[in-house]
Amino acid sequence: MSADPLTPTYEPAPVEARWSSFWEARGFFHADPSRDGTPYCIVIPPPNITGSLHLGHALNTTLQDILIRWHRMRGDNALWIPGTDHAGIATQNIVERQLKTEGKHREQLGRKAFIDRVWQWRNESGRTIITQLKRLGASCDWTREAFTMDEPRQAAVREAFVRLFNDGLIYRGQRLINWCPRCQTALSDIEVEHEETRGKMYHIKYPLADDSGVFLTVATTRPETMLGDTAVAVHPDDARYNKLIGQEVLLPLTSRRIPIVGDAILVDREFGTGAVKITPGHDFNDEKAGQRHGLRTISILNKKGQIQPSLDQEGVNGDVLHDIRLLDVPPARARVEFWLRERGNLLNIEDHTHAIGKCYRCKTVVEPYRSPQWFVNVNDSKNSLAAPAIDAVRSGRIRMIPEGWKNNFFGWMEQIQDWCISRQIWWGHQIPAWYCRTCNKGNLGSVEFNRNLSQPLTGQPGEPTISPDQMEVEWWISADAEPIVAKEKPERCNKCGGTALIQDPDVLDTWFSSALWPFSTLGWPKKTKELKIFYPTSTLVTSFDILFFWVARMIMMGLYVMKEVPFRDVYIHALVRDAEGQKMSKSKGNVIDPLLMMEKYGTDALRFTLAAMASPGRDIRLSEERIAGYRNFANKLWNAARFLLMNCPSGAKTYLEGPLSSPDTLSLDDRWILSRLQKVIASVNRQLEDYRFDEASRELYQFLWHEFCDWYLELIKPSLYGTDTAVADQTRTTAIHVFETVLRLLHPFMPFITEELWTHLPHEGDSLAAAAYPQADPTALDEEIELVVADFIIQPIVSIRNLRAEMNLSPAEELTVAVAPKNLAAKNLFEHNFPSLQRLARISVKECAVGLARPKTASTVLVSWGEIYVLLNEKQIRAEIERLGRVLLKIDKELEPINKKHRDLQFVTRAPKEVVAKLDLQRTDLQKKRRMLAAELERNRQMLA
């Protein structure tokens, strides 16, 4: 127990710094697989190394920490594995921006030197988020910190990739993918964010090739992509057009003739013009239609999202191509509009709102782009990855909380597409595939860059000799190239024996390494003790926005690699929004910085706020005022500890050296608080079992603030200050026992302040973090005592205090009452507990009798066991009459416009039903309130009659 006295006010900063370093230095969070106890494991959703703590991290981490501390204190062998994600695209962008400020490009460094530069950045700046998680109080086993690019995780990625490839579940193919022109890389479908955008709908004339007087009208939002059209589709049952199927149209602005095809899948004859252009190179639905009809695929854009100069080979008019070549899409669209209008092919333009796909990292408009990429085949008929994952959730082997998220999971998984896992960047897990330059002649090519970008490229006439270390080679590999997939670079080609091998330059999607996280962090592919004991992990805490990015992929990979689910429970929390329910953003100026909140109000206040508001399925509407309110809760806890310690003259330890007294020797107040404590212990444990962090927080708040501090500490003051030392010591023992138990209950939620206070009380062990979590003792329950205190102490005191407030009576003024209990038992209980009522309600009793009539000049307080009549003098009655009159006038003013609308037949018949219903409810409530107040006013007037 600490010998230092508690400071008059709680200062969070020094307390938090001291205990955070103490816990880590003493190894309280280290998990040993050989230790006794039921295994309980959480793997942290790895935050990006580019990130800084935001409220989503704070919520997610707080909820995980509550669970892991709770299980650890219950005696479970609890392991919480921390780690970070390498965040391929985001991290590369940061380092490239740094190079740009130095006037450099990554090509000047070369791949190896650039990767070294990224590692340098990661080691210097990429661990910020870990420091911030520790500041939040995260009780991870920091000795096991993992990183998705460290060597153990690289070994896991290589092993998984090779296994999937050998089982036919990874393949390389030329397909249409989502392409970010800014990041210069492929994206998977779920990395594209769709945003409603106001645009235009262009109606274009496509004349028949053999009869220019007849044309089809095609509507499109992207007129520039028409340069890649290879057909026009109509519905085969559409009588307007089906006779044209098999004929050709002349593609505007080109010399190309393209066919008219019938396609009942692509065309909705009731929507639009009934004629749809097919651009297989720039639309996913069109790509499928092109495959059905054997159409060519033409790409009109290069990797930078610019118009291809090579379109002259596709018959694009020379003037048009000269005008738009190498333009970005928006200006190219404007020029195509000009040329369509100039050539008489543009019928009209309409305003149109539609969804635009944007890169989830840089928000650039994503382009469908055809290129060779690596894919995971998730729906292979022989070895499906998706089907077992769906079955694991449907059968209950994986439980989702709240349960409603299962439907979202099933909806996406049942429509899942093959996963594009290759990215055209340098930072990440380079794909473990090599190509023999001898065997793949014609399928491989390279571009050599002079790293001194002020000089021309190699191969240009008159270029000076450049040494090899000044060159950077960028390889391109066709979809027909044959890869050699292996965990390590092969020494030679297994076909020709050649040693000229090049590695695939692409890296894996960041989510590929994250999908292995639940078992790679436990040492897989090695057969470790940790893997044997802690896999499957117990609980995954995550937000719904990565249910498909990450959760679904972990389930698929866990079942494929480990033949077992990766976790048993998935707790999905909502988003943190501002007080008005708006998504927080810097542009709106409504962002609440958790680091600033911790500095201002203390980490425990922020944590408790987030836990208390974490209702399942409901977004958190957070305001700074809520955090300030729970800072007051921390102060209440601190002041309660100071009160107890100041009232222990021989030191707090003295009062817990022996067991609590038997219940029959304890006071009513002590028996009541001990019984209430057992109910709270049982409830908090039950709520945490059910992931009801909000309800557990509410129980703790209610018990500590109201029952323990507001009632119990007030009720026991006569015992503490009295002359009977035996009674005082017994009361101190009970109070300290209850408070120490509450600190253990609160510790997972508010670890810093509870640890600090616990050290000032009698305790066993070195840290509250390693103490036993309270378990309910049913023998300490006393329902009868709880009813007595609730009905004969708390209820009458609260009712009399409310009457004082309503009648504006001074709290210091003693009131005289007459009491009419319902029966003799109630009379005896009232009289037995009257000392507490007398002191806390400031009342004196004139008379107490069963069946006592109500005095004429009295206001009635109803209680469950009878009536309390508060005797009033003439001055008090007249003041109450005036108050009631003012309230009635206010209600009449509120009713006046409502009654006017109610009498307005035109309003009642035309206004929306919900508006009228709401108005009727307001009117009914006000009228009811008015009747009650009018009756009370009349009673007060009768008193003076």
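Residues numbered from 1 in each chain as written. Predicted model: local features only at pLDDT ≥ 70, side-chain atom pairs only at ≥ 80, totals over all residues. Heavy atoms only, no water.

### Topic: the packing of aromatic side chains
Here is step 1 of the chain: Throughout the structure, instances matching the rule amount to 36 aromatic pairs.
Here is step 2 of the chain: Grouped by ring-pair contacts, the aromatic residues Phe-608, Tyr-630, Phe-633, Tyr-701, Trp-705 and Phe-749 constitute a single cluster.
Here is step 3 of the chain: Its end group placed over the ring of Trp-142, Lys-134 keeps NZ or CZ at 5.0 Å from the ring centre.
Here is step 4 of the chain: The positively charged end of Arg-175 is found above the aromatic ring belonging to Phe-375, 4.2 Å away from the centroid. (Phe/Tyr/Trp six-rings, centres within 6.5 Å; stacked < 30°, edge-to-face > 60°. Lys NZ or Arg CZ within 6 Å of the ring centre and 35° of its normal.)

### Here's the deal with the sheet that holds strand E15 (residues 399-401)
Here is step 1 of the chain: Overall, parallel pairing links the three strands, which are arranged E15-E25-E24 in an open sheet. Across the chains shown, the open sheet's two edge strands, defined by having one partner strand only, are E15 and strand E24 (537-543). On average, adjacent strands in this sheet sit at an angle of 20 degrees to one another, irrespective of strand direction.
Here is step 2 of the chain: As judged from the six bridges shared by E24 and strand E25 (residues 567-573), these two strands associate in the parallel manner. Its bridge partner lying in E25, Thr-542 is registered against Ile-572.
Here is step 3 of the chain: Its contacts with the sheet put helix H16 (residues 547-562) on E15, E24 and E25, and the angle it makes with E24 is roughly 165 degrees. (Pairing = 2+ DSSP bridges. Helix = DSSP H or I, 4+ residues; strand = E, 2+ residues; numbered from the N terminus. Axes fitted to C-alpha atoms, helices over the stretch in contact; angles between N-to-C directions. Contact = heavy atoms within 4.5 Å.)

### Section: the packing of helix H19 (residues 624-646) against helix H23 (residues 725-746)
Here is step 1 of the chain: Close contact between H19 and H23 brings their axes to 11 Å; oriented N to C, the two are set at 150 degrees. With respect to each other, H19 and H23 are oriented roughly antiparallel. At the point where H19 passes H23, the crossing takes the left-handed sense. Across the interface between the two elements, Phe-633, Leu-637, Ala-640, Ala-641 and Leu-644 from H19 touch Ala-735, Phe-739, Leu-743 and Leu-746 from H23.
Here is step 2 of the chain: Across the contact of H19 with H23, the residue classes tally to nine nonpolar, no polar and no charged. (Parallel < 35°, antiparallel > 145°, perpendicular 65-115°, else oblique. Left-handed = near helix turned anticlockwise from the far one by under 90°. Nonpolar A, V, L, I, M, F, W, Y, C, P; charged D, E, K, R; others polar.)

### Quick notes on H23
Here is step 1 of the chain: Taking 1.5 Å per residue, 22 residues should reach 32 Å; H23 reaches 31 Å between its end C-alpha atoms and fits that length.
Here is step 2 of the chain: Among the 22 residues in H23, 17 count as buried, and that is most of the element.
Here is step 3 of the chain: Where H23 starts, the residue carrying a side-chain oxygen 3.2 Å from the main-chain nitrogen of Ala-726 turns out to be Asp-724. (Expected span 1.5 Å × (residues − 1). Buried < 20%, exposed > 50% of the residue type's maximum accessible area, 1.4 Å probe, protein only. Polar contact = N/O pair within 3.5 Å; in protein donor to acceptor, adjacent residues only side chain to side chain.)

### A closer look at the pattern of salt bridges
Here is step 1 of the chain: In this structure the tally under the stated criterion is 64 salt bridges.
Here is step 2 of the chain: Ionic pairing is found between Glu-414 and Arg-394, a salt bridge with its closest N-O pair at 3.3 Å. Highlighted residues: Glu-414 in the loop between helix H12 (405-413) and strand E16 (419-420) and Arg-394 in helix H11 (residues 386-394), separated in sequence by 20 residues.
Here is step 3 of the chain: Judged by relative accessible area, Glu-414 falls into the partly exposed class, the value being 46%.
Here is step 4 of the chain: Among the ionic pairs, Asp-729 bridges to Arg-732, the shortest N-O distance being 3.0 Å. With Asp-729 and Arg-732 both in helix H23 and three residues apart, this pair spans about one turn of that helix.
Here is step 5 of the chain: The exposure class of Asp-729 is partly exposed, given its relative accessible area of 31%.
Here is step 6 of the chain: Sharing partners across several salt bridges, the network here consists of Arg-676, Lys-679, Glu-707, Glu-783 and Glu-786. (Salt bridge = Lys/Arg side-chain N within 4 Å of Asp/Glu carboxyl O.)

### Details of empty space enclosed by the protein
Here is step 1 of the chain: By the definition in use, this model includes four cavities of 30 Å³ or more.
Here is step 2 of the chain: Residue lining of the largest cavity: Gly-88, Ile-89, Glu-191, Tyr-360, Arg-361, Arg-423, Ile-425, Trp-427, Val-507, Leu-508, Asp-509 and Thr-510, and that is the complete set.
Here is step 3 of the chain: If you list the elements that add at least two residues to the lining of the largest cavity, you get helix H3 (88-101) and strand E23 (507-508).
Here is step 4 of the chain: Across the lining of the largest cavity, the residue classes break down as six nonpolar, two polar and four charged. (1 Å grid on protein atoms, 1.4 Å probe; cavity = no way out; pocket = protein on both sides within 12 Å on 5 of 7 lines; lining within 4 Å. Points joined across faces, edges and corners; volume = space filled by probe spheres on them.)

### A look at the sheet that holds strand E29 (residues 843-848)
Here is step 1 of the chain: Taken in spatial order, the four strands of this open sheet run E29-E28-E31-E30, and their pairing is mixed. Two strands in the sheet have a free side with no partner beyond their single neighbour: E29 and strand E30 (858-863). Along the sheet, successive strands turn relative to each other by an average axial angle of 30 degrees, direction set aside.
Here is step 2 of the chain: The sheet contact formed by E30 and strand E31 (residues 866-871) spans six bridges and is antiparallel. Residue pairing across strands places Val-863 opposite Gly-866, the latter belonging to E31.
Here is step 3 of the chain: Along the sheet face, helix H26 (residues 824-842) touches strand E28 (815-821) and E29 and points at about 155 degrees away from the line of E29.

### Some thoughts on the environment of His-105
Here is step 1 of the chain: The residue His-105 is located in the loop between H3 and helix H4 (106-109) in this model.
Here is step 2 of the chain: Put simply, His-105 and Lys-928 are 823 residues apart on the chain and 76 Å apart in space, counted from C-alpha to C-alpha.

### Some points on the pairing of E29
Here is step 1 of the chain: Bridge count for E28 against E29 is five bridges, and the pairing is parallel. Across the sheet, Val-817 pairs through a bridge with Val-845, a residue of E29.
Here is step 2 of the chain: This β-α-β element, E28 to H26 to E29, shows right-handed connectivity. (Right-handed = clockwise from strand over helix to strand, strands pointing away.)

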